[in-house]
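Tertiary structure, described
Spelled out, the chains give:
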Amino acid sequence: MTASSAVHDTRTAYDAVAPLYAELFSDMLDTRPLERALLAAFAELVRDHDAGPVADIGCGPGHVTAHLSALGPTTFGVDLSPAMIALAREAHPYLRFDEGSMSALDLADGVLGGILALYSIIHAEPQALPAVFTEFRRVLAPGGHLLLGFFAGDDPLPREFDHKVTLAYRWSPDSLAELLRQAGFVEVARLVREPREDERFQQAHLLVRKPQEP
Ligand SMILES: C[S@@+](CC[C@H](N)C(=O)[O-])C[C@H]1O[C@@H](n2cnc3c(N)ncnc32)[C@H](O)[C@@H]1O
């Protein structure tokens, strides 16, 4: 499959399930204290550095965009799926949501103080991910933070799994951390938590920073 047909398939798949996804997941942070704690720490780091807004890339229906925005940082959402963007705008009319792809962001160099990419890079073809991380680094200001969320696995190679919406991959935190290092990021912290009863896999977050000096 080519990179562009994979992206096309992801967009079509999320357009088809957007209302159901919003119904199932818009309240998910209410029952996830560890994720809320990470987002609070991320908000504080971005606020203290004060280098620009946060982009929530692959924002879905905008629930995390709104949560982070309520913690202080100016935050906007970007998503491939027009249906997701329409739902996000409807649910959070006071926030900005743009259609766009993580591999070619319509943003100037160094304008963001932070990037959230929660369970959105899981759909990128593994060979496309280095270019996505280079794009994230391009749009982040020096010293800006990136928080990634993904499904974890032990295998050092990314593993395709039967995600309910569309093709997706699990990554070992070490392998993703290494790809981020190669893209020029410095690791700040990581969190791996065990699956809840309604989840199948460990859930991982990696927090990294773009260095001040190139
Ligand atoms: C599993 S949902 C995650 C939504 C939200 N971040 C959350 O944590 O609930 C993945 C989202 O990423 C978006 N997405 C997937 N590939 C993308 C890409 N290349 N660029 C932008 N968004 C993308 C999908 O349209 C979908 O809304």
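Everything below is about the structure shown above.
A few points on the structure. (Residues numbered from 1 in each chain as written. Predicted model: local features only at pLDDT ≥ 70, side-chain atom pairs only at ≥ 80, totals over all residues.)

Once that is clear, we can look at the overall build of the chain. Within the chain, the regular secondary structure consists of six helices and nine strands. Against the globule reference of 17 Å for 214 residues, the chain gives a C-alpha radius of gyration of 16 Å, in line with a compact fold. Taking the principal axes of the C-alpha coordinates as reference, the chain spans close to 40 × 40 × 35 Å. The proportion of buried residues among the 214 residues of the chain is 40%. (Helix = DSSP H or I, 4+ residues; strand = E, 2+ residues; numbered from the N terminus. Rg over C-alpha atoms; globule rule 2.2 N^0.38 Å. Buried ≥ 20, exposed ≤ 12 C-beta atoms within 10 Å, placed from the backbone.)

On to the pairing of strand 9 (residues 203–209), then. Within strand 9, five of the seven residues are buried, which leaves the element mostly enclosed by the surrounding structure. Direction of pairing for strand 8 (residues 186–193) relative to strand 9: antiparallel, over a ladder of seven bridges. Across the sheet, V192 pairs through a bridge with A204, a residue of strand 9. (Pairing = 2+ DSSP bridges.)

Before going further, it helps to examine the environment of K164. Within the secondary structure layout, K164 lies in the loop between strand 6 (159–161) and strand 7 (168–170). Among the residues examined, K164 registers 10 C-beta atoms within 10 Å and is labelled exposed. Sequence separation of K164 and V17 is 147 residues, and the distance between their C-alpha atoms is 9.9 Å.

Let us look at the site of the ligand. Neighbouring the ligand are 20 residues, the closest being Y14, G58, G60, L118 and S120. Element by element, the count of residues in the shell around the ligand is highest for helix 1 (residues 3–25), at four residues. Counted by class, the shell around the ligand contains 11 nonpolar, eight polar and one charged residues. (Near = placed C-beta within 6 Å. Nonpolar A, V, L, I, M, F, W, Y, C, P; charged D, E, K, R; others polar.)

Between its first and last C-alpha, helix 2 (residues 33–49) extends 24 Å over 17 residues, near the 24 Å set by a 1.5 Å rise per residue. Within two residues after helix 2, D50 carries a phi angle of roughly 55 degrees, on the positive side. (Expected span 1.5 Å × (residues − 1).)

Glancing now at the nonpolar core. As a rule of thumb, soluble globular proteins bury nonpolar side chains together. Residues I115, L116, A117, L146 and F150 are the most contacted members of the largest nonpolar core, which totals 53 residues. The leading source of residues in this core is strand 5 (residues 140–151), at six residues. When near neighbours in sequence (up to four residues on either side) are disregarded, I115 contacts V54, A55, I57, F136, L140 and L146. (Core = buried A, V, L, I, M, F, W, Y, C linked by C-beta atoms within 7 Å. Contact = placed C-beta atoms within 7 Å.)

This part covers the pairing of strand 5. In terms of burial, strand 5 is a largely internal element, nine of the 12 residues being buried. Taken together, the six bridges between strand 4 (residues 112–118) and strand 5 define a ladder with parallel strand orientation. Residue pairing across strands places A117 opposite L148, the latter belonging to strand 5. Bridge count between strand 5 and strand 9: seven bridges; the pairing is antiparallel. Within the sheet, the bridge partner assigned to L148 lies in strand 9 and is L206.

Below, the discussion takes up the sheet that holds strand 3 (residues 97–99). Reading across the sheet, the seven strands line up as 3-2-1-4-5-9-8 and stay open at both edges, with mixed pairing between neighbours. Edge positions in the sheet fall to strand 3 and strand 8, since each has one partner strand and no second. Taking the axes of each pair of neighbouring strands and ignoring which way they run, one obtains an average angle of 15 degrees across the sheet. Strands strand 5, strand 8 and strand 9 of the sheet are contacted by helix 6 (residues 173–182), whose axis makes an angle of about 20 degrees with strand 9. (Axes fitted to C-alpha atoms, helices over the stretch in contact; angles between N-to-C directions.)

Summarising the element assignment, L116 is placed in strand 4. Counting along the chain gives 59 residues from L116 to I57, while the straight-line C-alpha distance between them is 6.0 Å. Apart from the residues within four sequence positions on either side, L116 is in contact with V54, D56, I57, V64, L68 and L147.

Moving on to helix 5 (residues 129–139). All buried positions along helix 5 are accounted for by L129, V132, F133, F136, R137 and V139. Against the buried residues of helix 5 lie strand 4, strand 5 and helix 6.

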